[in-house]
Structures are given as structure tokens and as C-alpha cells.
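# Architecture and fold: a report
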Amino acid sequence: MAYTENELAKDLQNQEYKFGFVTNIEADQAPKGLNEDIIRFISAKKNEPEWLLEYRLNAFKTWLQMTEPEWAHVHYEKPNFQDIIYYSAPKQKKKYESWDDVEPELKETMKKLGISMDEQQRLTGTNVAVDFVMDSVSVATSFKAKLNELGIIFCSFSDAVQEHPELVKKYMGTVVPHTDNFYAALNSAVFTDGSFCYIPKGVRCPMELSTYFRINEGGTGQFERTLVVADEGAYVSYLEGCTAPQRDENQLHAAVVELIALDNAEIKYSTVQNWYPGDAEGKGGVFNFVTKRGLCEKNAKISWTQVETGSAVTWKYPSCILKGENSIGEFYSVAVTNNYQQADTGTKMIHLGKNTKSTIISKGISAGKSHNSYRGLVQIHKNAANARNFSQCDSLLMGDTCGAHTFPYIECKNSSAKIEHEATTSKIGEDQIFYCLQRGISEEKAISLIVNGYCKEVLNQLPMEFAVEAQKLLAISLEGSVG
Amino acid sequence: MEETKKFHERITTDGYTLVLPQGLRKKSFEILNETAFPTTKTEAWKYTRTTRISNGTFQLVKPEINSVSDYLIEGLQGNVLVFVNGFYQAELSIIKDTKGLLVSPLTETTQEWINAHSNQQVQLEGEVFNALNTAFTTDGVSIEIAKNAIIKEPIQLIYVTTGTAVLSSVRNIIVANENSDATIVMGYYGERADSNFTNVVTEIKVKQNASLSIHKIQHENNTNFHINTETVSQDRDSRFSLSTSTFSGAIVRNNVYVHVDGENAETNLYGLYLTDEKQLVDNHTVIDHKVPNCNSNELYKGVLDGQSTGVFNGKVFVREQAQKINAFQSNGNVLLSDNASMNSKPELEIYADDVKCSHGSTTGQIDEEAIFYLRARGISEKSAKSLMINGFVGEVVEQISNEIIREHITKLMAKKLGYSFE
Amino acid sequence: MIKIDNLHTSINGKEILKGLNLEVKAGEVHAIMGPNGAGKSTLASVLAGREEYEITDGNVTFDGKDLLELSTEDRAREGLFLAFQYPVEIPGVSNVNFLRTALNEKREYLGQDPISAKDFMQMVRDKSKIVELDSKLANRSVNEGFSGGEKKRNEIFQMAMLEPKLAILDETDSGLDIDALRIVATGVTKLKSEDNATIVITHYQRLLDYIVPDYVHVLYNGRIVKTGPKELALELEEKGYDWIKAEFGE
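Keep in mind it's a predicted model, so treat the numbers as computed, not measured.

## Looking at the overall build of chain B
- Scanning chain B for helices and strands turns up eight helices and 19 strands.
- Computed over C-alpha atoms, the radius of gyration of chain B comes to 21 Å, within 12% of the 22 Å expected from 2.2 N^0.38 for 422 residues, which places it in the range of a compact globule.
- Along the first, second and third principal axes, the C-alpha set of chain B runs to 65 × 50 × 45 Å.
- Buried positions account for 62% of the 422 residues belonging to chain B.

Below is the structure:
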């Protein structure tokens, strides 16, 4: 794996949260608080059709009946939902027709994030189409024309509502209904933007599709929605990156991601999540409460890969509903927590169809005073004959003030199923560190090597550019955690 | 809660003596009045519905039975105490004068001893079944093994439930003093029993460098409900082993809480469950490592047939101070029927960093290829399956060090699975 | 090259080395032999900088520097190499990545530019021949799934890559069959030069058939009690350590 030592060394010098800058653009905001009027304001602002407003209002009514879930192994002060700004768009002078129209400040933001929207440059370099979402609003999407030729739709969720309402209406909420859970209901009521992607029958998307999410405004929540539909026999690899500026207060991020893989389709969804984790004293940081779920029809495959290093509190279980026969679900995860971070994350593999297979590889790393929990459900339904699952959940502990927890739920209702679950918890080996030291490798570098080695099975699932970024993130996140 | 209040008010006690201290009982009633029965929304009861118990009307009944010869383990020479429906049966019991051993029913134990040793670690708040037990206990055993005493012959405790809709409420208190060594077999059986409810709490204290093995056999009828809670505390250098073999029962729930309070202690929990019909067997274990340098080992295996359901929820806590812990947990299951189901939840909650913990869980079916191989050698399909199952759960039985007890459980297993090598 | 003067060390309050003296000059090979528990591996660990050991007295100078003042990694970067008795497995970290990191950190320490990928790979190919190591092993995770012999060969391969001034081989021959022993020993001999030195810690004389020492030292009860030419090793093999124990026992 390409692993540039010098770059890593340079990054290691920068202990502070690397992406903690605020972009200065006058924002177009909704007033604080949540009620039907705010929802109508968001919907009107986005010029939405009546059915979508209805959907939002329904979700809002459902949400009012629900209580915040408390079963996760996380402790935090519950957000005051009336103290959040639910809509904050970077103020647009006009709609962006091309990259040249984007304000210099915004371009600068992207540059700092390492995102290039310059298609010429991208063409000569790597092959990634990018959609950039800042404070809930999609700012720019690259490579649109090229994708259009293949009939691939890749645009902001708002544009999809305007331009492809039939597709949105057909699939939205079919995998994650608005009644699913507290945060999904909230998102369904107030979501502002996100990405939409549709790959037509038999088309193999020739490039990685990528969305970068960024929370910028203070006191705002980010409620984006992503919908990826791979029609029969289609293939797409989708990347998602997340960052937020340093702020003392907690920011709320409650997203919904729905993936639909129709017969013989394949979706690979990779996330590198680096929301602001709060400072070393546990002040500030993003609350990341996300519902991600995919539906597999016959022979379809959905693969989730995630590298989670950010957020103060994470509550996230990317899942697969293996409905069709022979469908496959995969979950590869690295979750790192340091300082006062808390993560309760894992997956659900719901086996409904015959001969369905799932694989779960989860690597948790806890340092500082953090708590890292794996929570996973493997459910084999009565008709899922010959279902197979293999799960491996390893936890690595660094320091004696952190916690690593494993809560697997295994439910089997079919006798021909085969389920295997293994978990280990161990500390970083002193022997391993000494061995590295004796070869002249510094302790920080040794830990970085060992940790990257430990996570290799997951990092190998990521596309190249992301893998390098993820490795650097791991090193930065664990900086100074063993002493 | 109204439901719980009504439930306990329906229990007819018929003027029998209830043995636990008055104050504790009063507190238990107060708790019952404000605590609801667990539902499947209660995380610890996610897979086990208790409505068939909470909707029932139970009574305390003191019957007579003539013999327990069917339940005695042949070859064991030690003390035998028999309880029927939670009442001590002196004439069926064999009390021998054993040096270093105090053993008697609670009803014949001094109030001082009971006061000193009861409810040391039994959680009452929020725990309906523990509170019920404390409120309604009619009898149970008190065992104290003296310092340095080695009790060679295992103590047999036989609990029989008989009649219809009978509540047996049993409290056992076991104290193993310093450097002592003992083995106890607790057998739960049903005789012409229908829809009875057995609710047991056993309190166990294993003191410094003591060694205690307990083997539990659960063999009541398939219409009976059985809730069994053990709270164990272990001092330093102590060794504690518990095996639970479950053969019958409509709902069987075992709660095992082990508090490892002293360093260098060893804890072994073993379980096997063979279920069929509509049985539900739920094993919940918690091993709480509070201090460093301890080992715990947990092995539960089950074979589920018919429309039965199995639940395993094993939790290992390693507290912040508890460095150098080795904790292993394993749960294996075989489903024999398409209508059987298994829910397994092995959990690790770890707050110390220098530990070696692992858990594994498997659910599958018997290897068809192996069955075919055996059949090709002339073994009937039924025998082939039994052989394979025996091999699968045999790993658990092998952990029982007393040969006579091991043989006895092996026989019960063979009987349940319908084969014999004799 | 290295001068050990009156070295006393203890672990958990128990004294292991009790005034050890040893000087090794460039170009020399020294063998240290002794019965179990004499302190042989302790010496290797202390020189490499294992923190469990407490230095209670004495000095060690390495190439003019106070070795005991240096951190483990700086000792390595200064050119001290320990071939571990039990090489450690590091899952997921390839041998190549591991060595490139080690090599570049050393070069950075010495104020040199990092080695180019091309030169590095050429070096891997060249050096792996010395110990007849399958170049595929270079791409596998460090020592993971290696046989005992492969692990020891990998240690010598790393030694070849890092080109140390002083190599300490801690029981490198234990657990090796005769072929592996030959390969390892030949590798060590090939790496020998006028500018470097080797300390061979061993139990068995047979290794010294391949790596011919200039001096043989007997370590017993935390001290070097006898020093002689290579023939001393043969004598020890023949007579065992009882006479040493009788002569120097407490």
C-alpha cells in the first residue's frame, strides 16, 4: 500500500484538528427551532413538490411521538432540538452554472479539504466525480456531463427532486422509512440536501463517485440524505468524506443514507468520517447519529467500508437487508476513539433470502478516556436457508483509561444457517513496540505501523486515494495516545 | 406496578412459615408493588417473554411424596436434602454427621446465621423475580463448609415440583470458608407437575483459597417455568465452577452473577441445553472482574430441536483496575429443526487495557457429510446424529471433574436424545 | 566498538548482571556462552534498551557514546542490532514496509536522504539472497506465519538491510535444523567486515563451527568468569558447565 512516510511525518507534527477552519460566507439561514413552519420554510426554500412536503410533515408528526434512544453505550447531554438552525445555506449570488461561478472563499474551503473540483486537473489525475455539500446544501458537482452520457445521474438531492422526481418518489424512504427511528424521523422532516445517484441497468460506473460533507455555520445541524440506486446489473463505488470546523458547542449531524441494489447490482459505499471530535477535554465535537441501510435484491451485493476517526459521539450501524436470493452484504469498519470520544457502531445483517452471505470485519481502537463499542446484529430469518455469516470484531486498547466493548446480537431461525462470530480484545503489544524500536523506528511511527497493520483488512477495501487519507487520519487521531 | 401487585396478591400462602427476615420481606413487597415484570423491551429479557408467568395464578402447596429414588445419583455417599414444592422433606433426606460441614434446611437454621448470610448480593430493586423469591421463600438449604475442611462426598440437593400451578420459592445459601473444598449437585425435577413455577435464588460465597463446584441439573416437566438466580462472590485465590445442564422446562431462565472480588481467582461457567417442543432456555451470565490477575472461562453449548428457542447472553466486565485478566467465552449451538431458533449475545465490556479477552459464538447444523460417513459405516441416521450431538456437547460434560456426576449427566443426555450405549 | 564496564542490572529487585566487563573491537567476533540463567539474554536485552531492567551500576560506551543514555531506537540508529531470540510477529505490517520505515528513520537520524523506492527494492533483492530468503517473504507480514527457521533468517535479513556496526545474535541458533543453521551462520559470516563486530550469544558449540569467534567468554552468575580462544567452546561442549559452576559457584 502506498504509504508516504514523509507526508505522514509532516502530518504527525500537526496535532491539532487539521480541518478546523471556518469559511466566511454570509449564510442564508432559517431561524432557530423546529416546528411545522420551519419545515414549510425549508420545503418552500427548496421549491419542493407537495408530496415531499407531506412526507416531511408526516415524519415530523412521527418524530414528535418518539423518544431519543438510550440503549447505546454512550453518554451525552441530549441536544436541545429547539436550539438548532435547521437550514443554513451558503448564500448564493446565483445558481452555480460552472465551477468558475463558485466564490473564491468556497473554493479555498475545498482546497483546504484537499478536494479539487477542477475537472481538467482531475482528468489528468485521479478519476473521481465529486459532489460537495456544505452545511446541508450541495455546492457543486463535477463530471456531470461525462456521467450523463452513460445515463448516470449524480447530483444533489435537491436537484434530483426537481429533475427526477419520479425516481426520488419511487425509492426514497423505502429502505429507511421515516418511522424507523428517532433520528431517521428527524432527518425525514428537516433534511436539506445530500447526494442522489442512479446507475441505469447494466451500467458500470467508470469512476468513483464522491461526496464531501462539511458543517460550517455555528449552531447548525446537518441533515443530509443520500440515495443511491443501482439498477439491475449496475455497479457503483461511492465515497463519502466528512469534516467540520472546531467549535466549542456540540453540532448535530443526523443523516440518512439509503442504498438500493436491484438484481445483480453491486454498490460499494466507503466513508471516511472525520467530523470534529471535540478537544482534549471533551468540549465540543459533532454528534453523529446516522442511519445507513442498504437493500439487496437477487444476486446483489452491498459493501460498506468505513473509517471513523471523528465525532464526539457516534451512533451508527450501516446495515444490509439481504432480501434477494444469493445476495451478499459486507461491512468493514475501523473505528478509532481518543480523548473523550464515544462510539457505538456496528452493523445489522438481516438475512431474508436463501443462500445469502454476510461478512463483518470490525476493528475498534480505543485510546485516551474514550469508549468504543461494537454493536452488531446478525439475524437469520426462517426462510433464509443456507445463510452464512462470519463476523470478526477485534478491539485494541491503548492506555488504561479507555474502554472497548463488544455487543453482538445473533438471532438464528433457520437450521441450515451457519454463523460464526469471533471477538478479541487486546492491548498494543509492548513486544511489538520494542521490536520496532530496536530496528530504529520511533515509538509514534511504530504505533502507526502496528495500528495500520491491525486495520489492514479494512483499509484494503478502500479505494486508493481514500486508503492513504485514512491511514494518515489514523495516525493523527492516535497521536500522543501511548506514553 | 398494578400487574405485579395483583400477581403477588393472587399467590395463596395458606399460612405457611416464610423464612427470610421480616424486614427484607417487607422491602421486597414494596419493590414488587412498584416494579413491572420484564418485557422484551427490557434489554436483559429481549428474547424471553414472561407473560405466561405473570398471567398465572400460583399457590404454595406442601405435598407429600413417597420416594426420590429416581432422582438420587447412584454412587454418591454424601448428605442428601430433599425439598418438595419448596418444603423440606426430612424423612426423604439423609443428613450425615460430616466433619467441617454444616448443612440443614433454612427452617432449621438459626435466625442469626440467616441474618448474617442472606441477601448479601441479591439485587432486589427492579428485579421482580428476586423480590418474589425473597417475599415468598418457604425453605432452602444452608451450607457452611468450615475453614480447611475438605468435603469429599458431594452434597446432593433434590428439588421436586409436583401438582398444578404450584409456586416453589427456594433460597439456598452456601458459604465456603478459607481453604475449603466441596462439590454440590442441585437437581430440579418435576413429578406429575403441570404449569408449576419454580423460583430459586442461591447465594454463594467462596472465601480465600476455597474451591467450590456446583452442578445444576434442570429436569422439570415441559409445562413448568423455572427461574434460577445465582449470585456468587469470590475472594482471592478461590476457584469456583458452575455447570448448568438443562433438559426440560417450558421456560428456563438462569441468571448467574459472579463478582470476582479477590485477585488470582478462577471462575468456570459451563452450560449445556438440549431442548425440543416449545421449550425456551435462556442462560444469562455476568462475570464481573473487579480486581487484577484473574482467569475466567465460559463454555455453553446447546442443541435445539422442535420449536424450541435458545438464548445465551454472556457478559464479561473487566473493570478499570482489573489488569492482567484472561477471560474466554464461547457459545456453540446446533439447530436440528427449521422451527428451532437461537439468539446468542456474547458481550465484552472492558475498561482495563492489559487484558486478553475473547469470545466466540457459532450457530449451525450437524455436519451432513459426517452423518453420511457414519451411515456409510452402517450406523443408523438416528444413532449417527446422536453420536455427533454427543460429541458436540460432550466438550461441556467433560469439564465436570467428578466422575459419578459426569456419568449421571451423560445418562440424562442419552435419555433425552433417545440413545444408549449400554 | 563497545566497552562494557562493571555492569550491574536487576529486574524486579533481583540482580542478574553482577559486574560484567567486556570489550569488543571492530572486526572481531565474540561468543558468549554459559548455562541457563547465567544472564546471557539479559545482557542482550540491556544493551538493546529493554526498560524492565534497572541499571544499578556500570558504564557502556558504544562507538564513543554513552550507550545507556540513548533510547532504544537511537541505539539502533547508531548501529546496534539485536537479532531476537523470539522474533515478534506484527500482523498486517509487511516486512518491506517495516524495513523501509526503519531504514529511512535511520537515514534521517544520520542526516541522509531517504532511500528511493527503486534502490530500496534492489537492496531487498540483493540482501535476501544472503540468507536464501524467498523474496515473497519480504512482502508478508513481519514474522507472521513464519516457521522458526524463517523467523531467524528474517532476523539476519534485517541485519543485512540495516548494516549495523554491532550485531548481537541472541540464541539465533536455538531451534534451528542444520540446514537453517548453515544458512543463518553463512549469512552472518558474509556480513562480517573490518568495520563491524558481532556478539554471538549461544548455548551450543555447533554454531561456532560456522561463525568462528575470536574470543569465547563464559558468562556465569552475572559475570564473565572465563575468556579464551575458540577452543574453549569445544571444551565447554565436551565437559559441560559443571566445572565452571564448581570453580566459580558461590
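## A word on the packing of aromatic side chains
- In this structure the tally under the stated criterion is 34 aromatic pairs over all chains.
- Taking the centre distance of 6.1 Å and the plane angle of 65° together, the rings of B:Phe7 and B:Phe58 count as edge-to-face. Of this pair, B:Phe7 sits in helix 1 (residues 2–10) while B:Phe58 sits in the loop between helix 3 (51–54) and strand 1 (80–84), placing them 51 residues apart in sequence. Each member of the pair, B:Phe7 as well as B:Phe58, is classed as buried.
- Note on B:Phe83 and B:Tyr88: the rings are 5.5 Å apart at their centroids and 55° apart in plane angle, and the pair reads as tilted.
- Classification of B:Phe83 by relative accessible area gives buried; the value is 1%.
- You can call B:Tyr88 buried: its relative accessible area is 14%.
- An aromatic cluster of three or more residues is present, and its members are A:Phe60, A:Trp63, A:Trp71, A:Tyr76, A:Phe81, A:Phe182, A:Tyr183, A:Phe287, A:Phe289, A:Trp315 and A:Tyr317.
- Seen from the ring of A:Tyr435, A:Arg439 lies directly overhead, with NZ or CZ sitting 4.8 Å from the centre.
- Directly above the aromatic system of B:Phe317 lies the positively charged group of B:Arg319, at a separation of 4.3 Å from the ring centroid.

## Section: the pattern of salt bridges
- Under the criterion given, the structure shown has 44 salt bridges over all chains.
- A salt bridge links C:Glu105 to A:Lys445; the shortest N-O distance between them is 2.9 Å. Here C:Glu105 is found in helix 3 (residues 95–109), whereas its partner A:Lys445 is found in helix 11 (residues 443–454) on a different chain. Taken as a pair, C:Glu105 and A:Lys445 share a single burial class, namely buried.
- Measuring nitrogen to oxygen at the nearest pair gives 2.6 Å for the salt bridge that ties B:Glu203 to B:Arg171. Residue B:Glu203 is found in strand 8 (residues 197–206), and its partner B:Arg171 is found in strand 6 (residues 167–176); the two are separated by 32 residues along the sequence.
- Exposure remark for B:Glu203: the relative accessible area of 4% places this residue in the buried category.
- Through salt bridges with shared partners, a single network forms among B:Glu43, B:Lys315, B:Lys345, B:Glu347 and B:Glu349.

## Looking at the environment of C:Leu234
- As for its placement among the helices and strands, C:Leu234 is situated in helix 9 (residues 231–239).
- Along the chain, C:Leu234 and C:Arg206 lie 28 residues apart, while their C-alpha atoms are 9.0 Å from each other.

## What to know about the confidence of the model for chain C
- Residues of chain C with pLDDT of at least 70 account for 99%, and the chain-wide mean is 89.
- This prediction of the complex comes with two scores: 0.81 for pTM and 0.86 for ipTM.

## Considerations on unusual backbone geometry
- Residues other than glycine seldom take positive phi values, yet A:Asn264 does so here, at roughly 60°.
- Locating A:Asn264 in the fold gives a position in the loop between strand 12 (256–261) and strand 13 (266–274).
- Residue classification places A:Asn264 among the partly exposed positions, given a relative accessible area of 46%.
- Unusually for a residue other than glycine, C:Asn221 sits at a positive phi of about 50°.
- Tracing the chain through its elements places C:Asn221 in the loop between strand 11 (215–220) and strand 12 (223–228).

## Things to note about the sheet that holds strand 6 (residues 80–83) of chain C
Residue and element names in this part refer to chain C.
- Spatially, 6-9-10-3-11-12 is the arrangement adopted by the six strands of the open sheet, whose pairing is mixed. Bordering the open sheet on either side are strand 6 and strand 12, each of which pairs with just one other strand. Geometrically, the sheet is characterised by an average inter-axis angle of 20° between neighbouring strands, direction not taken into account.
- Pairing between strand 3 (residues 29–33) and strand 10 (residues 197–201): four bridges, direction parallel. By the bridge assignment for strand 10, Ile 32 is matched with Ile 201.
- Here helix 9 sits on the sheet and contacts strand 3, strand 11 and strand 12; the angle it forms with strand 11, its principal contact strand, is near 45°.

## Concerning the packing of helix 3 (residues 50–65) of chain A against helix 9 (residues 182–190) of chain A
All names here are of chain A.
- Two elements in contact, helix 3 and helix 9, have axes separated by 7 Å at closest approach and are oriented at 145°. With respect to the hand of their crossing, helix 3 and helix 9 are arranged in left-handed fashion. Residues Tyr 55, Arg 56, Ala 59, Phe 60 and Trp 63 of helix 3 lie in contact with helix 9, whose contacting residues are Phe 182, Ala 185, Leu 186, Ser 188, Ala 189 and Val 190.
- When grouped by side-chain class, the residues that make up the contact of helix 3 with helix 9 number nine nonpolar, one polar and one charged.

## Here's the deal with the nonpolar core
- With 115 residues, the main nonpolar core has A:Ile365, A:Val451, C:Ile2, C:Ile4, C:Phe98, C:Ile168 and C:Leu169 as its most contacted residues.
- In terms of residue count, the dominant contributor to this core is helix 7 (residues 178–191) of chain C (seven residues).
- Aside from chain neighbours lying at most four places away, what touches A:Ile365 is A:Ala335, A:Val336, A:Thr337, A:Asn372, A:Leu396, A:Met398, A:Val451, A:Tyr454, A:Cys455 and A:Leu478.
- Grouped together as the second largest cluster of nonpolar side chains are 100 residues, B:Val141, B:Ala176, B:Ile184 and B:Ile325 included.

## Considering the pairing of strand 19 (residues 342–345) of chain A
Residue and element names in this part refer to chain A.
- Burial of the side chains of strand 19 extends over both faces: Gln 342 and Asp 344 are buried on one face and Ala 343 and Thr 345 on the other.
- Bridge count between strand 19 and strand 22 (residues 371–380): four bridges; the pairing is parallel. When the bridges of strand 22 are listed, Thr 345 appears paired with Tyr 374.

## Things to note about helix 5 (residues 128–136) of chain B
Residues and elements named next belong to chain B.
- Burial analysis of helix 5 places nine of its nine residues in the buried class, the great majority of the element.
- Three or more residues of helix 5 are buried, namely Val 128, Phe 129, Asn 130, Ala 131, Leu 132, Asn 133, Thr 134, Ala 135 and Phe 136.
- Residues of helix 5 that are buried in the fold lie against helix 1, helix 2 (22–34), helix 3, strand 6, strand 8 and strand 10 (225–234).

## What about the environment of B:Asp305?
Residue and element names in this part refer to chain B.
- In this structure, Asp 305 sits in the loop between strand 15 (295–304) and strand 16 (309–318).
- It is 7.7 Å that separates the C-alpha atoms of Asp 305 and Asn 339, two residues lying 34 residues apart in sequence.
- Residue contacts for Asp 305: discarding those within four places in its chain leaves Thr 275, Asp 276, Glu 277, Leu 336, Ser 337 and Ala 340.

## Things to note about the interface of chain A and chain C
- Taken together, the contacts link 21 residues of chain A with 29 residues of chain C.
- Summed over both partners, the interface of chain A with chain C buries about 2,200 Å², with 62% contributed by carbon and sulfur atoms.
- On the surface where chain A and chain C come into contact, there are three salt bridges.
- One salt bridge in this structure joins C:Arg50 and A:Asp431, with 4.0 Å as the shortest N-O distance.
- Linking chain A with chain C are twelve residue pairs in polar contact (both at pLDDT 80 or more), by the criterion used here.
- Taken together, the elements giving at least two residues each to the side of chain A that touches chain C come down to helix 1 (5–13), helix 10 (430–438) and helix 11 of chain A.
- When the residues that make up the side of chain A that touches chain C are grouped by side-chain class, the tally is nine nonpolar, six polar and six charged.

## Regarding the arrangement of the chains
- The highest contact count of any of the two pairs of chains in contact belongs to chains A and B.
- One finds no contact linking chain B with chain C; the least C-alpha distance across the pair is 16 Å.

## A look at the interface of chain A and chain B
- Taken together, the contacts link 33 residues of chain A with 37 residues of chain B.
- Carbon and sulfur atoms supply 46% of the area that chain A and chain B bury against each other, a total of about 2,700 Å² over both sides.
- Looking only at chain A, the three residues that lose the most surface to chain B are A:Tyr409, A:Ile410 and A:Ser415, adding up to 20% of its buried area.
- Applying the counting rule to chain A against chain B returns zero salt bridges.
- At the junction of chain A and chain B, the tally comes to 16 residue pairs in polar contact (both at pLDDT 80 or more).
- Counting only elements with at least two residues in the side of chain A that touches chain B, the list comes to strand 24 (403–412) and strand 25 (418–427) of chain A.
- In terms of residue class, the side of chain A that touches chain B is made up of eleven nonpolar, 14 polar and eight charged.

Analysis parameters
Residues numbered from 1 in each chain as written. Chains lettered and ligands numbered in written order. Predicted model: local features only at pLDDT ≥ 70, side-chain atom pairs only at ≥ 80, totals over all residues. Heavy atoms only, no water. Helix = DSSP H or I, 4+ residues; strand = E, 2+ residues; numbered from the N terminus. Rg over C-alpha atoms; globule rule 2.2 N^0.38 Å. Buried < 20%, exposed > 50% of the residue type's maximum accessible area, 1.4 Å probe, protein only. Phe/Tyr/Trp six-rings, centres within 6.5 Å; stacked < 30°, edge-to-face > 60°. Lys NZ or Arg CZ within 6 Å of the ring centre and 35° of its normal. Salt bridge = Lys/Arg side-chain N within 4 Å of Asp/Glu carboxyl O. pLDDT = per-residue confidence, 0-100. Pairing = 2+ DSSP bridges. Axes fitted to C-alpha atoms, helices over the stretch in contact; angles between N-to-C directions. Contact = heavy atoms within 4.5 Å. Left-handed = near helix turned anticlockwise from the far one by under 90°. Nonpolar A, V, L, I, M, F, W, Y, C, P; charged D, E, K, R; others polar. Core = buried A, V, L, I, M, F, W, Y, C linked by side-chain atoms within 4.5 Å. Buried area = accessible area lost by both parts, 1.4 Å probe. Polar contact = N/O pair within 3.5 Å; in protein donor to acceptor, adjacent residues only side chain to side chain.

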